[in-house]
Amino acid sequence: MGKLGTTFTRIEENMPELPEVQTVINNLTPLITGRTVKEIDLLYPKMIQNDLVEFNQKIIGRKFIGIRRRGKYLLFDLSDGQTLISHLRMEGKYSVLKDPEELPKHSHVVFWLDNGEKLVYHDTRKFGRMHLVSTNEVDQTKEIKKLGLEPFSSEFTPEALFAMLQKKKGKIKVVLLSQEVVVGLGNIYVDEVLYAAKIHPASISANLTLNDAKEIWQATKEILKKAIKYGGTTIFSFKNANGDIGHFQDYLKVHSQEGATCKRDGHLVEKIKLDGRSTYFCPQCQILK
DNA sequence: AGCAGGACCCGAACGC
DNA sequence: TGCGTTCGGGTCCTGC
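Residues numbered from 1 in each chain as written. Chains lettered and ligands numbered in written order. Predicted model: local features only at pLDDT ≥ 70, side-chain atom pairs only at ≥ 80, totals over all residues. Heavy atoms only, no water.

The name given to chain A in an unreviewed UniProt entry is Formamidopyrimidine-DNA glycosylase, with the source organism recorded as Xylocopilactobacillus apicola. Listed in UniProt under the heading Sequence similarities (unreviewed entry), the comment for chain A reads: "Belongs to the FPG family." For chain A, the Subunit (unreviewed entry) comment in UniProt is given as "Monomer." (UniProt positions renumbered as here; feature names shortened; annotations may be inferred.)

## Considerations on the overall build of chain A
What chain A contains, in helices and strands, is 7 helices and 10 strands. The 289 residues of chain A split such that 49% are buried. For chain A, the proportion of contacts with a sequence separation of at least 24, taken over those separated by at least 6, is 64%. (Helix = DSSP H or I, 4+ residues; strand = E, 2+ residues; numbered from the N terminus. Buried < 20%, exposed > 50% of the residue type's maximum accessible area, 1.4 Å probe, protein only. Contact = heavy atoms within 4.5 Å.)

## A look at the protein's contact with DNA strand C
Close to DNA strand C lie 19 residues, the nearest being His 87, Arg 89, Met 90, Lys 273 and Arg 277. Here the atoms of DNA strand C within 4 Å of the protein split so that 65% fall in sugar or phosphate, with bases taking the remainder. At 2.7 Å from a base nitrogen of DNA strand C is found a side-chain nitrogen or oxygen belonging to Arg 277. Going through the elements one at a time, helix H3 (142-145), strand S9 (270-274) and strand S10 (277-281) are the ones with two or more residues in the surface near DNA strand C. (Near = heavy atom within 4 Å. Polar contact = N/O pair within 3.5 Å; in protein donor to acceptor, adjacent residues only side chain to side chain.)

## Digging into the UniProt feature "binding site: DNA" (unreviewed entry) in chain A
Annotation from UniProt places "binding site: DNA" (unreviewed entry) at His 106, Arg 125 and Lys 168. Separation in sequence by 63 residues is matched in space for these annotated residues, since their most distant C-alpha atoms are 39.4 Å apart. Along the polypeptide, His 106 turns up in the loop between strand S5 (93-97) and strand S6 (107-113). Excluding residues that lie within four positions of it along the chain, His 106 makes contacts with Tyr 121, His 122, Asp 123 and Thr 124. Checked against the element boundaries, Lys 168 lands in the loop between helix H4 (158-166) and helix H5 (172-177).

## A few points about H4
An α-helical turn contains 3.6 residues, so any two residues separated by three or four positions project in the same direction. Of all the residues in H4, the buried ones are Pro 158, Leu 161, Phe 162 and Leu 165. Considered in projection along H4, the buried side chains sweep an arc of 100 degrees and stay on one side of the axis. (Arc of directions from axis to C-beta.)

## As for the nonpolar core
Core analysis: the largest hydrophobic core is formed by 29 residues, its most contacted members being Phe 55, Phe 76, Tyr 94, Phe 111 and Met 130. The dominant element in this core, judged by the number of residues it contributes, is helix H1 (residues 18-32), at 5 residues. Not counting the four nearest positions on each side in its chain, Phe 55 is found in contact with Ile 40, Leu 42, Ile 48, Asn 50, Leu 84, Phe 111, Met 130 and Leu 132. (Core = buried A, V, L, I, M, F, W, Y, C linked by side-chain atoms within 4.5 Å.)

## Let's talk about the sheet that holds S6
The strand order S1-S6-S7-S5 describes an open sheet built from 4 strands, whose pairing is antiparallel. Both edges of this open sheet fall to strand S1 (37-42) and S5, since each of them pairs with a single strand only. Adjacent strand axes in the sheet meet at a mean angle of 15 degrees when their direction is disregarded. Bridge count between S1 and S6: 5 bridges; the pairing is antiparallel. The partner of Ile 40 across the bridge, within S6, is Phe 111. Packing of helix H2 (residues 52-59) onto the sheet brings it into contact with S1 and S6, and relative to S1 it is tilted by some 160 degrees. (Pairing = 2+ DSSP bridges. Axes fitted to C-alpha atoms, helices over the stretch in contact; angles between N-to-C directions.)

## Examining the sheet that holds strand S4 (residues 82-87)
To summarise the sheet geometry, strands pair through backbone hydrogen bonds and adopt either a parallel or an antiparallel arrangement. Read across the open sheet, the 4 strands follow the order S2-S3-S4-S8; overall the sheet is antiparallel. Each of the sheet's edge strands pairs with one partner strand only, and the pair in question is strand S2 (64-70) and strand S8 (129-134). Neighbour-to-neighbour, the strand axes of this sheet turn through a mean angle of 20 degrees, independent of strand direction. Pairing between S4 and S8: 6 bridges, direction antiparallel. If you follow Gln 82 over to S8, its bridge partner there is Ser 134. Lying on the sheet, H2 is in contact with strand S3 (73-78), S4 and S8; it crosses S8 at an angle near 60 degrees.

Written out as structure tokens, the structure is:
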């Protein structure tokens, strides 16, 4: 590995983190709101968490009435009180296509609409999942009910974060990745947040101070905001689907920067495994607590 | 409750 | 050059 910013050897596709999920909502809403689903093609049935017959019966003939988000989960509200919970995981994408013949690679679910267009879910890794539930039961589903605070909500404050961190005995990185305290941080952003906060990723959550919580609170908001500004993550990509080069890698301080020098103190950035995840940090300025 | 480990997937990177 | 192996991302699940 070379110095920071000189070589980046691998790239990832746009990884749907919280900001990207919001972008999907903004793009899809005008295209599908008010549209009725005429038919569904389930090309990869395993990603549907419901009984397949029930899934079809409850969606066909219903209308998309709006799209919401909770954490990284998309919530498609349909008429007759149904909501489709959809998680993009690593590489899931939605497209609305006019050409009836066109089908992107790795298409897994097709919703045919009443205007002749279709809403297509495609996902190279097949990691995404869909779960149809009653709208009034969304908050009680196992995937939604465990979720913590929205990072841009008024409830997300240093004090609230501190109170929650005090109750956790696990390592801070694991706690932040769990989505149970604050939603939206993935493996890359977590490393950046903890670097900004000068906290060692293996620190025990309950050992952190109010000031630590304040640093994490601020870094979380700033880094997620920055991700929006630079058009999403595109952490390692040489190019994205449009052929554009991603820019966020220019701003990574530690993640994927093993062997680079810390800009604060010149120490070498280290890579370890934590909770089975690649973890990058500066062992000098990120304090273990 | 925490935590390790495996499962799910595929393409890119890597090793030979 | 070609081919087999390794890796990693978010989340769930099992078992200790």
